[in-house]
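A look at the structure
Chain by chain, the residues:
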Amino acid sequence: MPGHRSITAAEELAAAKLGGTPIHREQMAVVANIYRAASAVRQHLESSVLRGADLTWTAFVVLWVVWVWGESETRHVAEEAGISKGTLTGVSRTLEGRGLVKRARHPSDGRLVLLSLTEEGEKLMQRLFPEFNQEEVFVTSRLGDEECRSVADGLRQVVLQVEEHGKERRLAALGGAQPAPRRSGRRPKG
């Protein structure tokens, strides 16, 4: 890929740029490589198995969450998928239009929406997931089973640290102030 630098080159450039700045290099490498690995894996899966099913990564994750958990409130699907409720609205409408999910009002609270897979969505996931898993095997093929278990456990520990202690750490970083609302990325109309 033109202009692409290897992970080793990026680490060397960062070390040179930081020089004598007192930092924790190992932790910096872990976080940088989580991001790089996630981006590389996502791009590979979207360009291979998901492209054949005409799905984005986000659409696949939404289908996966609903497939695994069954009919769920949209707020729970968004949380499990790691996306905003607004993003989920667009993705679920697209998937609904393709006949893969159905949206229904919650029986006891009409303000809530439930998502479930259609029969077509169920068939797609049953067919697609084994193909997806084969690509998971491909992207981790340089690791043995024990290394895979170790990496997975280490990443779980990173997630748990953020889930269990991230909120108070963010508040401390902001001097006790609440974080500003997240922006959608859209610019205000002018």
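This write-up is about the structure you can find in this document. (Residues numbered from 1 in each chain as written. Predicted model: local features only at pLDDT ≥ 70, side-chain atom pairs only at ≥ 80, totals over all residues. Heavy atoms only, no water.)

On to the overall build of the protein. Helix and strand content of the protein: eight helices and three strands. When the helices and strands of the protein are listed from N to C terminus, the series reads α-α-α-α-β-α-α-β-β-α-α. In terms of overall dimensions, the protein has a C-alpha envelope of 60 × 45 × 40 Å along the principal axes. Across the protein, every contact between residues at least 6 apart in sequence was considered, and the portion connecting residues at least 24 apart equals 50%. About 14,200 Å² of surface is accessible on the protein, with carbon and sulfur atoms providing 54% of the total. Within the protein, the 24 negative side-chain charges are centred at a point lying 11 Å from the centre of the 27 positive side-chain charges. (Helix = DSSP H or I, 4+ residues; strand = E, 2+ residues; numbered from the N terminus. Contact = heavy atoms within 4.5 Å. Areas by Shrake-Rupley, 256 points an atom, 1.4 Å probe, with all protein chains shown as cover. Lys, Arg positive; Asp, Glu negative; His and termini not counted. Charge placed at Lys NZ, Arg CZ, Asp CG, Glu CD.)

Tallied over the full model, the rule gives six aromatic pairs. Aromatic pair F60 and F132: ring centres 4.2 Å apart, planes at 20°, arrangement stacked. You can see F60 sitting in helix α4 (residues 57-69) and its partner F132 sitting in helix α7 (residues 119-139), a full 72 residues away along the chain. A relative accessible area of 3% places F60 in the buried class. Feature note: the residues W57, F60, W64, W67, F129 and F132 constitute an aromatic cluster, connected by ring pairs. (Phe/Tyr/Trp six-rings, centres within 6.5 Å; stacked < 30°, edge-to-face > 60°. Buried < 20%, exposed > 50% of the residue type's maximum accessible area, 1.4 Å probe, protein only.)

Once that is clear, we can look at the packing of α4 against α7. One way to put it is that α4 packs onto α7 with a least axis distance of 11 Å and a crossing angle of 115°. Compared by their axis directions, α4 and α7 come out roughly perpendicular. For α4 against α7, the interelement crossing comes out left-handed. Across the interface between the two elements, W57, F60, L63, W64 and W67 of α4 pack against E122, L124, M125, Q126, L128, F129 and F132 of α7. Residues of the contact of α4 with α7, tallied by class, amount to ten nonpolar, one polar and one charged. (Axes fitted to C-alpha atoms, helices over the stretch in contact; angles between N-to-C directions. Parallel < 35°, antiparallel > 145°, perpendicular 65-115°, else oblique. Left-handed = near helix turned anticlockwise from the far one by under 90°. Nonpolar A, V, L, I, M, F, W, Y, C, P; charged D, E, K, R; others polar.)

This part takes up the packing of α4 against helix α5 (residues 74-81). Running from N to C, α4 and α5 cross one another at 120°; their axes reach a closest spacing of 9 Å. When the axis of α4 is compared with that of α5, the two are oblique. Considering the relative orientation of α4 and α5, their crossing is right-handed. For the pair α4 and α5, contact is made by V61, V62, V65, V66 and W69 and by V77, E80 and A81, respectively. Here the residues of the contact of α4 with α5 are counted per class, giving seven nonpolar, no polar and one charged.

A few words now on a negative patch on the surface. A cluster of acidic residues, E79, E80, E163 and E164, forms a negative patch on the protein surface. Elements represented by at least two residues in the negative patch include exactly α5 and α8 (145-173). On the secondary structure map, E163 appears in helix α8. A residue is classified by how much of its surface remains accessible, and E163, at 59% relative accessible area, is exposed. (Patch = residues over 30% accessible without salt bridge, like charges linked within 9 Å, V, L, I, M, F, W, Y side chains within 5 Å. Salt bridge = Lys/Arg side-chain N within 4 Å of Asp/Glu carboxyl O.)

Time to look at α5. Regarding α5, the residues found buried are T74, V77, A78 and A81. Buried residues of α5 fall within an arc of 100° about the axis and therefore sit on the same side. In this structure, the buried residues of α5 make contact with α4, β1 (72-73), α6 (85-97) and β3 (113-117). (Arc of directions from axis to C-beta.)

Before going further, it helps to examine the sheet that holds strand β2 (residues 101-105). What links the strands of a sheet is backbone hydrogen bonding, and the strands pair in either a parallel or an antiparallel sense. The strand order across the open sheet formed by three strands is β1-β3-β2, and the pairing between neighbours is antiparallel. Of all the strands in the sheet, just β1 and β2 have a single pairing partner and so form its edges. In this structure, β1 lies alongside β3, joined through two bridges in antiparallel fashion. Note that in β3 the partner of S72 across the bridge is L115. The strands touched by α6 within the sheet are β2 and β3, with β2 carrying the most contacts at an inclination of about 120°. (Pairing = 2+ DSSP bridges.)

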